[in-house]
Amino acid sequence: MTEKKKLIAGNWKMNGSLQANAALLQGLRDGIGQPACNVAVAVPAPYLAQVQALVAGSAIALAAQDVSQHEAGAFTGESSAAMLRDFGTRYVLVGHSERRQYHGESDAVVAAKAKQALAAGITPIVCVGETLEQREAGQTEAVVKRQLAAVIQANGHCISEIVVAYEPVWAIGTGRTATPEQAQAVHAVLRAQLAAATAQAGRIALLYGGSMNAANAAQLLAQPDIDGGLVGGASLKAADFLQIIAAAQSNQA
Ligand code: PEP
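Let me sum up the structure you'll find in this document. (Residues numbered from 1 in each chain as written. Predicted model: local features only at pLDDT ≥ 70, side-chain atom pairs only at ≥ 80, totals over all residues. Heavy atoms only, no water.)

### Details of the overall build of the protein
Applicable threshold: Helix and strand labels come from DSSP, where a helix needs a run of H or I of at least four residues and a strand needs a run of E of at least two; each type is numbered from the N terminus. Only C-alpha atoms enter the radius of gyration, while the globule expectation follows 2.2 Å times N to the 0.38, with N the number of residues. Here's how the labels work: a residue is buried when its accessible area is under 20% of the maximum for its type, exposed when over 50%, partly exposed in between, all with a 1.4 Å probe on protein chains only. Contacts are residue-level and defined by heavy atoms, with any inter-residue pair within 4.5 Å sufficient. By the counting rule applied here, Lys and Arg register as positive and Asp and Glu as negative, while His and the ends of each chain are not counted. Every charge is mapped to an atom, namely NZ of Lys, CZ of Arg, CG of Asp or CD of Glu.
Along its length, the protein carries 10 helices and 8 strands. A compact globule built from 253 residues would reach a C-alpha radius of gyration of about 18 Å, and the protein, at 17 Å, matches this within 12%. In terms of overall dimensions, the protein has a C-alpha envelope of 45 × 45 × 35 Å along the principal axes. Across the 253 residues that make up the protein, the buried fraction comes to 51%. Contacts in the protein between residues at least 24 apart in sequence constitute 74% of all its contacts with a sequence separation of at least 6. A distance of 3 Å separates the average location of the 18 positive side-chain charges in the protein from that of its 19 negative side-chain charges.

In structure tokens form, the structure reads like this:
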């Protein structure tokens, strides 16, 4: 069991509105108090300013869902790490499977995005995970190690500053969760890979993501190498997200 604080990060994906965001965050603020774990919400880019204001003075940190691999320039539609920083962004997702799948993001692109985030003082939450086909072909370990290796290679000694989220693609948004044992097995592989890369591997939070909800969070978060959760659908309802946060607190080392 690690001693660091667990991290529960919500990924709103492309959901929300000014009104819905205000209601969701009010519900979270009303119920969250001073949690023993870290909490973040990854919001769509247009709402960064709104959410920055709404979480001010609370235990909720602001996260973005993506960042450009470039520093600045002619990259229409993209947001640089410095821009995210301007809004007090503390974390940014990189390499979410929906970005890899629908936007063709390669391991090299994901590594470059992590580098941009780190250079701006933002913690990248590096998402890795295998498809169902890859799992059934016995390739899970090789896939997640390859994805993480690219980030390690591009980021050298800064690697201890990242967060890693293991998100089996077959479990995202499907209601099909990895068993705690399946998740723990992959987390142990990732932990060992990080330990080989840095003496600071113990500082790195390893999150599980994939249909985590109020009912299954406690068991997942009880695993020795699961340091938190990246939560999609269940982060859109304050009551559900608060229950996951409560589960993380009761599992806090
Ligand atoms: C995600 O989007 O990162 C995710 C894990 O989604 P869900 O919890 O809905 O499976």
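### Quick word on the site of the ligand
Defined as follows: By convention in this text, a residue qualifies as near a molecule or strand provided that one of its non-hydrogen atoms is within 4 Å of it. Any pair of N or O atoms that falls within 3.5 Å is considered a polar contact. Within protein, one atom must be able to donate a hydrogen and the other to accept it, and sequence-neighbouring residues count only if both atoms are side-chain atoms. In these tables, accessible area is a Shrake-Rupley quantity obtained with a 1.4 Å probe, and a residue counts as shielded only by the protein chains included in the view.
The ligand sits among 14 residues. The nearest are K13, E167, G173, S211 and G232. Within the backbone of S211, an N or O atom sits 2.8 Å from an oxygen atom of the ligand. Contact with the protein chains hides 95% of the accessible area of the ligand, taken as 290 Å² for the molecule alone.

### Digging into helix α8 (residues 180-197)
To keep things clear, this is the line we draw: A helix is expected to span 1.5 Å multiplied by its residue count minus one.
In this model, α8 (18 residues) spans 26 Å end to end at C-alpha, consistent with the 26 Å of a helix rising 1.5 Å per residue. Of all the residues in α8, the buried ones are P180, A183, Q184, V186, H187, V189, L190, R191, Q193 and L194. In the core, the buried residues of α8 are packed alongside β5 (123-128), α6 (132-136), α7 (140-155), β6 (163-166), β7 (206-209) and α9 (217-221).

### Here's the deal with unusual backbone geometry
Look at K13: it is not a glycine, yet its phi comes out positive at around 50°. One non-glycine residue, S211, lies in positive phi territory at about 55°. Position of S211 relative to the elements: it lies in the loop between β7 and α9. Since its relative accessible area comes to 17%, S211 is described here as buried.

### Structural notes on helix α5 (residues 107-119)
With 13 residues, α5 ought to run about 18 Å at 1.5 Å a step, and its terminal C-alpha atoms sit 18 Å apart, in line with that. Of all the positions in α5, only D107, V109, V110, A111, K113, A114, Q116, A117 and L118 are classed as buried. Looking at the buried positions of α5, the neighbouring elements they touch are α3 (81-86), β4 (91-94), α4 (97-102), β5 and α7. Positive backbone phi, at 80°, marks G121, one or two positions downstream of α5.

### Overview of the pairing of β6
Stated formally: Two strands make a pair as long as DSSP finds a minimum of two bridges between them.
Neither face of β6 is open: one carries V163 and A165, the other V164 and Y166, and all of them are buried. Pairing analysis gives 4 bridges linking β5 to β6, with the strands arranged parallel. Residue pairing in the sheet places I125 in a bridge with V163 of β6. Where β6 and β7 come together, 3 bridges link them in parallel fashion. Bridged to V164 within β7 is L206.

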